[in-house]
Amino acid sequence: MLESLTRWQVKEIDEAIVQQIQNKLSISEVTARLLVSRGIESVESAKNFLHIDSTPYFDPFLLKDMERAVKRIHTAIEKQETILIFGDYDADGVTSTSLLVYTFRKLHAKFLTYIPNRFTEGYGPNEAAFRWAKQQGVSLIVTVDTGISAVYEAEVAKELQLDLIITDHHEPPLTLPDAFAIINPKQPDCSYPFNELAGVGVAFKLAQALVGTVPKELLDLVAIGTVSDLVPLIEENRKFVFEGIPLIENSDKPGIQALLASCGLNGKPLDEEQIGFLLGPRLNAAGRMDSADPALQLLIAMNEDDANAWAEQLNELNKERQKLVDAMAKQAIDLVEEKYKNDRVIVISHEGWNSGVIGIVASRLVERYYRPVVALAIELESGEAKGSARSIAHFDLYANLSLCEDILVNFGGHTMAAGLTINVNQIDELRQRLNVIAQEQLTGDDFIPITEIDVECNVEDVTIETLEEIAQLAPFGVGNPKPKVLLENKQLSHVRKIGSQENHLKFQLKENEAVLEGVGFRFGHLFHEVTQNVSVSLVGELSINEWNGFRKPQVILSDLSVQNWQLFDYRGVKQVAEHLKRLRAEDVQLIYFRNETIDALQLYHWEQVAYCPITNNGSFDLNRPYHVILDLPRQENELSDWYASIAKQPKRTYAFFHHAEDHLFTPIPSREQFKLFYALMKKVQQTTVEKAFRLARSYRLRDDSIHFITKVFNELNFVKINEGNLSFVNNPEKKALTDSKTYQHKLAMIEIEKKLLYSSYDELKSFFQNIYDRLQVEEAIK
């Protein structure tokens, strides 16, 4: 057996709707199921989803206050008033700011830009920045990706006679700022049909309204910001990214070309994953480490030289960020292992941590421990700690932090993520409260990660044509994840390790005549956890493997389970100790039938988990799931009798069957050879053992045969051996050769070796299966 890493949940879908969409659109059942699993339950919506390029953009004037904002901005442009674009320091905020820069350039506006410093100013609009703007002659401020909670700052703007237009996408508070205009699809009484836009999406709608057409040349910025901000990639967001990716690949903006080059992506096909894991982190690095200005300057650069310089600076900042995150994550893991490993909610704090990257550290801890995590950076000067929280399913961070509001300076967020500030002397209290809450709300299963599975399919369903259909569901992301498929009870074969460090897995899945190739990145360790041709259930992502002009379907492994017991055939393996190192000692029960085996295999360090059923020596734990059978029993029933006595089947059986002597290939001497030796001894009557061997050799008897015959004759009292002398016994009692224990043992060992040592894998597994089946029958009878 092999337990899956996560709990698998297959989405329930309406089969009638699947059938209807499949028939009407002439698509595969797999694709139809994937559409329905995403909540697409009509033929029309499925058609639109598959052909996102043909759906129109929504009218930007459906956004509340859009008309008022556009008129004010046009007036400012006509009168050459100075406009301030006030942005945010993350990738969404920087792309939003850049987008308005390009728009205002096109409209010949007079403008400045301002992005606050995370560390010296904090998040969002602030009074000092507004007063600076007034000094610069600004009369209109337009925020992007921020401002919806700036109630006080809006009052400051009024006092300074600055018109304030807020464009944002975050959740509005109960009391909205008293601004000239607020453009936010989530605000009350807004009739815009899609409220999941990123900040850059809202800025794009403003640009669309200002220029009077869809400014598709800006979709490269929109795609980067939308993917980086992890908003749902559905509806208009998905269209932004779908149409934006080709524009990024062929962007005429020097900054984007330089960014691609710094990631090694120039001239290469791009997808949403590369935006999220390569482009976005570089833009975020500036604001996480210090000022976001390098990211902004890169995106709005007018020439190649400037762009390359800014890209290089961002690259270095990103490397620093990676090193910082790695160092902080190591410190955090050490703290957890030392103090909080058994906590249901991990609350850790440390002086000197960078609050700009602490959210990444919190996410890493959730990935490692699958616990809700609060990570805090202590600031001794203020006596406060600022940090980020990340959660798991069934633990609502925002709701549970609300229960601790009386000890928090401030906090905000949603179900799965939050930011907070707390007095240092209240951290222990927060830890205690959150753990009490988790004790009440979470069960043991809640601490096992969940994998949501879109569809179950067969190997024969996975074709190039189907995968090309599935590709039409892209771009993938939050709200539209890459499809996860379940392939259940398929035969695993051709398993091998690949990669320079052998840390990846290559394999095939077979079902009837159909074969599907698969690869498991960073799953190389499973090579020793599964047997060839075992039946497995597998969760993964489907893709097309293109190599050397050939295209083949393949599955990318995400998780794997084996429901039945497994037999690991290690017969003939010499370095037993080396193989045992791969197993957790607490899972292993060694079984041996001969006292000399532990010494012969040099398993002294494993004696505490070794047991001999014959002598009852050693230690046996019924709950250890892996049985390692080190040597051959002397009698076939010794193995089956022992399993009957413990009445429990292991999850895995490892068969080594070490043996010092090979019986099957040293056959029993023939009756003629026995007769010959008997006649020779009768003739000489008495001699030394050495001379008897020498005499028998002259008649072409082998030493092993001579040794066996003399031992059998001695037991049958046909000869006597005493102090190196061999004497013939005249007129002995008639006995059959099979009366000799040595002869019996030889016959038994030949049969045991045939069944256990030299049988095929299937025959050996069948032998153990029969034993385990009897256990189940006996258990059922009981």
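Everything below is about the structure printed above this text.
Keep in mind the model is a prediction, meaning the values are calculated, not measured.

K.L.:
Hey, could you run me through the sheet that holds strand S27 (residues 725-728) in this one?
P.N.:
For sheets, the rule is that strands pair by backbone hydrogen bonds, running either parallel or antiparallel. The strand order S25-S27-S26 describes an open sheet built from three strands, whose pairing is antiparallel. On the outer flanks of this sheet lie strand S25 (686-688) and strand S26 (719-722), each paired with one strand and no other. The sheet shows a mean angle of 20° between the axes of neighbouring strands, taken without regard to direction. Where S26 and S27 come together, four bridges link them in antiparallel fashion. Its bridge partner being in S27, Ile721 is matched across the sheet by Leu726. Its contacts with the sheet place helix H23 (residues 689-697) against S25, S26 and S27, and it is angled at close to 95° to S25.

K.L.:
Help me understand the sheet that holds strand S7 (residues 346-351) in this model?
P.N.:
One open sheet holds the five strands; their spatial order is S7-S8-S9-S11-S10, and the pairing between them is mixed. The open sheet has two free edges, formed respectively by S7 and strand S10 (408-413), since each of these has just one partner strand. Between one strand and the next, the sheet's axes are offset by a mean angle of 15°, whatever the strand orientation. Pairing between strand S9 (residues 384-390) and strand S11 (residues 417-423): seven bridges, direction antiparallel. Within S11, the residue paired with Glu384 across the bridge is Asn423. Taken strand by strand, helix H17 (residues 427-441) contacts S7, strand S8 (373-379), S9, S10 and S11, and its axis lies near 165° from that of S7.

K.L.:
Looking at this structure, how should I read H23?
P.N.:
Every α-helix carries 3.6 residues per turn, so stepping three or four residues along brings you back to the same face. Among all positions of H23, only Ala692, Phe693 and Ala696 are buried. Angularly, the buried residues of H23 cover 100° about the axis, an arc narrow enough to put them on a single face. Against the buried residues of H23 lie helix H22 (671-684), S25, helix H24 (703-715) and S27.

K.L.:
Mind showing me how you'd approach unusual backbone geometry here?
P.N.:
Excluding glycine, a negative phi dihedral is what most residues carry, and trans is how most peptide bonds are arranged. At the junction of Ala474 and Pro475, the peptide bond is cis and its omega measures out at 0° in the coordinates. Relative to the helices and strands, Pro475 is located in the loop between helix H18 (464-470) and strand S14 (485-498). A positive phi angle, near 55°, is found at Asn489, a position not held by glycine. Structurally, Asn489 is set in strand S14. Look at Asn489 and you get exposed, because its relative accessible area is 52%.

K.L.:
When you look at the pattern of salt bridges in this model, what are you seeing that I'm missing?
P.N.:
Side chains carrying opposite charge are able to pair once their charged atoms draw close together. With the rule as written, the count across this model stands at 41 salt bridges. We note a salt bridge from Lys253 to Asp220, for which the minimum N-O separation is 2.9 Å. Of this pair, Lys253 sits in the loop between helix H10 (235-249) and helix H11 (254-262) while Asp220 is found in helix H9 (residues 219-228), placing the two residues 33 residues apart along the sequence. Classification of Lys253 by relative accessible area gives buried; the value is 4%. Taking the shortest distance from any N to any O, the salt bridge between Arg697 and Asp703 comes out at 2.7 Å. It is possible to trace a salt-bridge network through shared partners that takes in Lys11, Arg38 and Asp454.

K.L.:
Quick question: what am I supposed to make of the nonpolar core here?
P.N.:
What tends to happen in soluble globular proteins is that the nonpolar side chains get buried as a cluster. In this structure, Ile73, Ile83, Leu99, Leu206, Ile248, Leu279 and Leu283 are the most contacted members of the largest nonpolar core, which totals 77 residues. Looking at this core, the element that brings in the most residues is helix H8 (residues 199-211), giving eight residues. Not counting residues up to four positions away in its chain, the partners in contact with Leu206 are Met66, Val70, Ile73, Leu100, Val142, Thr167 and Ile183. Within the second largest apolar cluster, 46 residues are counted, among which are Val336, Tyr369, Ala389 and Leu420.

K.L.:
For this particular structure, what's the right way to read the environment of Phe476?
P.N.:
Looking at the secondary structure, you find Phe476 in the loop between H18 and S14. Classification of Phe476 by relative accessible area gives buried; the value is 12%. With 186 residues separating them along the chain, Phe476 and Asp662 place their C-alpha atoms 60 Å apart. Sequence-distant contacts of Phe476, defined by excluding residues within four places in its chain, comprise Arg38, Leu233, Glu272, Ile470, Pro481, Lys482 and Pro483.

K.L.:
Can you help me understand the environment of His658 in this one?
P.N.:
As for its placement among the helices and strands, His658 is situated in strand S24 (residues 652-658). Using a relative accessible area of 27% as the deciding quantity, one classes His658 as partly exposed. Separated by 260 residues in the primary sequence, His658 and Tyr398 have C-alpha atoms spaced 60 Å apart. Non-local contacts of His658, meaning those with residues more than four positions away in its chain, are made with Thr597, Ala600, Leu601, Leu630, Asp631 and Leu632.

Analysis parameters
- Residues numbered from 1 in each chain as written.
- Predicted model: local features only at pLDDT ≥ 70, side-chain atom pairs only at ≥ 80, totals over all residues.
- Heavy atoms only, no water.
- Pairing = 2+ DSSP bridges.
- Helix = DSSP H or I, 4+ residues; strand = E, 2+ residues; numbered from the N terminus.
- Axes fitted to C-alpha atoms, helices over the stretch in contact; angles between N-to-C directions.
- Contact = heavy atoms within 4.5 Å.
- Buried < 20%, exposed > 50% of the residue type's maximum accessible area, 1.4 Å probe, protein only.
- Arc of directions from axis to C-beta.
- Salt bridge = Lys/Arg side-chain N within 4 Å of Asp/Glu carboxyl O.
- Core = buried A, V, L, I, M, F, W, Y, C linked by side-chain atoms within 4.5 Å.

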